[in-house]
Amino acid sequence: MAALFEELKANCGDDWAAYTNHSFVRALAAGTLEIEAFRFYLAQDYLFLKHFARAYALAVYKSETLSDMRAAAATLDGLLNHEMLLHVDLAAGWGIDAKALEATVEHPANMAYTRFVLERGLAGDLLDLLVALAPCVVGYGEIGSRLLADSSATLATNPYRSWIETYGGVEYQEIAAAAVAQIERVSGDRLGDRPTANPRWATIQETFAAATRLEAGFWQMGLDAAAR
């Protein structure tokens, strides 16, 4: 049961819909997204992954149990030694080599999002950090699953097929499910069996909603770049 996560989503339904059904996502699903929008997004996402790796390193430090330390360390290893390498290969297929990725200037929307996540982790505890990370980790899984199901008839000709298959695939779905399970477990330890009655609930909810809005801003960043 993902009771806490579903409660967080329900309480910011408009923000969640604006993120998971953003026009960037709809165009990606249809295969009509401007190439420059996707290329800009890819380069910024490379920097984003670096900061998320730092966030999971912080999660190791913030963890109070060995199981949570191992979970965060496994995600950190996956980001540094697998996902970032795959991202470099994906970007190369779109004409962005490793040097160009490293030379990318960080967009303010990227900076705002990643620093928000790190700040919540530094100022709060492991739960604050996991909640700030959740819209990305779990949201991409929700988007990928939906897009993979909805675009099955046109997937073969979609230029963004690899992105859809990555986030809609079994491996990433397992990552998203594990992230939800960890949030539920950690929240149980810190908020008890009635999380919405806990004095911390309002802060937890606002962290989730703010991160969700920043995710929507990340999509919009790509569209705005292509429009210039």
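On a predicted model such as this, the values are computed, not experimentally measured, just so you know.

What counts as what
Residues numbered from 1 in each chain as written. Predicted model: local features only at pLDDT ≥ 70, side-chain atom pairs only at ≥ 80, totals over all residues. Heavy atoms only, no water. Helix = DSSP H or I, 4+ residues; strand = E, 2+ residues; numbered from the N terminus. Buried < 20%, exposed > 50% of the residue type's maximum accessible area, 1.4 Å probe, protein only. Contact = heavy atoms within 4.5 Å. Core = buried A, V, L, I, M, F, W, Y, C linked by side-chain atoms within 4.5 Å. Phe/Tyr/Trp six-rings, centres within 6.5 Å; stacked < 30°, edge-to-face > 60°. Expected span 1.5 Å × (residues − 1). Bend = angle between axes of the 7 residues up to and from the residue. Polar contact = N/O pair within 3.5 Å; in protein donor to acceptor, adjacent residues only side chain to side chain. Salt bridge = Lys/Arg side-chain N within 4 Å of Asp/Glu carboxyl O. Arc of directions from axis to C-beta. 1 Å grid on protein atoms, 1.4 Å probe; cavity = no way out; pocket = protein on both sides within 12 Å on 5 of 7 lines; lining within 4 Å. Points joined across faces, edges and corners; volume = space filled by probe spheres on them. Nonpolar A, V, L, I, M, F, W, Y, C, P; charged D, E, K, R; others polar. Disulfide = S-S within 2.5 Å.

1. A word on the side chain of His51
Line of reasoning, step 1. Position of His51 relative to the elements: it lies in helix H4 (residues 35-62).
Line of reasoning, step 2. Overall, the relative accessible area of 10% leaves His51 in the buried class.

2. Comments concerning the side chain of Gln205
Line of reasoning, step 1. The topology assignment puts Gln205 in helix H11 (residues 201-227).
Line of reasoning, step 2. Beyond its immediate stretch of four places on either side in the chain, Gln205 contacts Glu7, Leu8, Asn11 and Cys12.

3. Some thoughts on the nonpolar core
Line of reasoning, step 1. Counting 74 residues, the largest nonpolar core has Leu28, Phe38, Tyr41, Trp163 and Trp219 as the members making the most contacts within it.
Line of reasoning, step 2. In terms of residues, this core owes the most to one element, H4, which gives 15 residues.
Line of reasoning, step 3. Once you skip the residues sitting within four places of it in the chain, Trp163 turns out to touch Leu28, Phe38, Tyr41, Tyr140, Ile143, Leu147 and Trp219.

4. With respect to the packing of aromatic side chains
Line of reasoning, step 1. According to the stated counting rule, one finds 23 aromatic pairs in the structure shown.
Line of reasoning, step 2. Taking the centre distance of 5.6 Å and the plane angle of 15° together, the rings of Trp16 and Phe208 count as stacked. Placement of Trp16 in helix H2 (residues 13-20) and of Phe208 in helix H11 is noted, with a sequence separation of 192 residues between them. Taken individually, Trp16 and Phe208 each receive the classification buried, so the pair is uniform in this respect.
Line of reasoning, step 3. For the ring pair Trp163 and Trp219, a centre distance of 6.2 Å and an interplane angle of 65° mean the geometry is edge-to-face. One end of the pair, Trp163, is in helix H9 (residues 161-168); the other, Trp219, is in helix H11, and 56 residues separate them in sequence.

5. Looking at helix H8 (residues 126-150)
For an α-helix the count is 3.6 residues per turn, leaving residues at separations of three or four pointing the same way.
Line of reasoning, step 1. Compared with an ideal rise of 1.5 Å per residue, which puts 25 residues at 36 Å, H8 spans 35 Å between its outermost C-alpha atoms and is within 8% of the ideal.
Line of reasoning, step 2. A maximum bend of about 45° is found in H8 at Ala134, where proline Pro135 lies one to four positions downstream.
Line of reasoning, step 3. Of all 25 residues in H8, 19 are buried, a share of seventy percent or more.
Line of reasoning, step 4. Between a side-chain oxygen at the N-terminus of H8 and the backbone nitrogen of Leu127 the separation is 3.0 Å; the capping residue is Asp125.

6. Things to note about the pattern of salt bridges
Line of reasoning, step 1. Applying the stated criterion across every chain yields a total of 15 salt bridges.
Line of reasoning, step 2. Here Glu6 makes a salt bridge to Lys9, at a shortest N to O gap of 3.8 Å. Separated by three residues within a single helix, Glu6 and Lys9 lie in helix H1 (residues 3-10), roughly one turn from each other.
Line of reasoning, step 3. In this structure Glu6 comes out as partly exposed when scored by relative accessible area, which is 42%.
Line of reasoning, step 4. We classify Lys9 as buried; its relative accessible area is 15%.
Line of reasoning, step 5. Across the pair Arg190 and Asp125 runs a salt bridge whose closest N-O atoms are separated by 3.2 Å.

7. Side note on helix H7 (residues 108-123)
Line of reasoning, step 1. Given a rise of 1.5 Å per residue, 16 residues ought to cover 22 Å, and the 22 Å separating the end C-alpha atoms of H7 matches this to within 8%.
Line of reasoning, step 2. Along H7, the residues classified as buried are Ala109, Asn110, Tyr113, Thr114, Val117, Leu118, Arg120 and Gly121. Taken end-on, H7 shows its buried residues confined to a sector of 160°, consistent with a single buried face. Exposed and oriented more than 90 degrees from the buried face of H7 are Pro108, Leu122 and Ala123.

8. Observations regarding the layout of surface pockets
Line of reasoning, step 1. There is about 960 Å³ of room inside the largest pocket.
Line of reasoning, step 2. Every residue lining the largest pocket is counted, 36 residues in all, and those nearest its centre are Leu79, Glu83, Tyr167, Tyr172 and Ile175.
Line of reasoning, step 3. Broken down by element, the lining of the largest pocket gets its largest block of residues, ten residues, from helix H5 (residues 66-93).
Line of reasoning, step 4. Its residues assigned to classes, the lining of the largest pocket comprises 23 nonpolar, eight polar and five charged.

9. Overview of the state of the cysteines
Line of reasoning, step 1. The full count for this structure, using the stated rule, is zero disulfides.
Line of reasoning, step 2. Take Cys12: it sits in no disulfide, and the sulfur closest to it among the cysteines is that of Cys136, at 15 Å.
Line of reasoning, step 3. Given the relative accessible area of 5%, Cys12 is considered buried.
Line of reasoning, step 4. Overall, the relative accessible area of 8% leaves Cys136 in the buried class.

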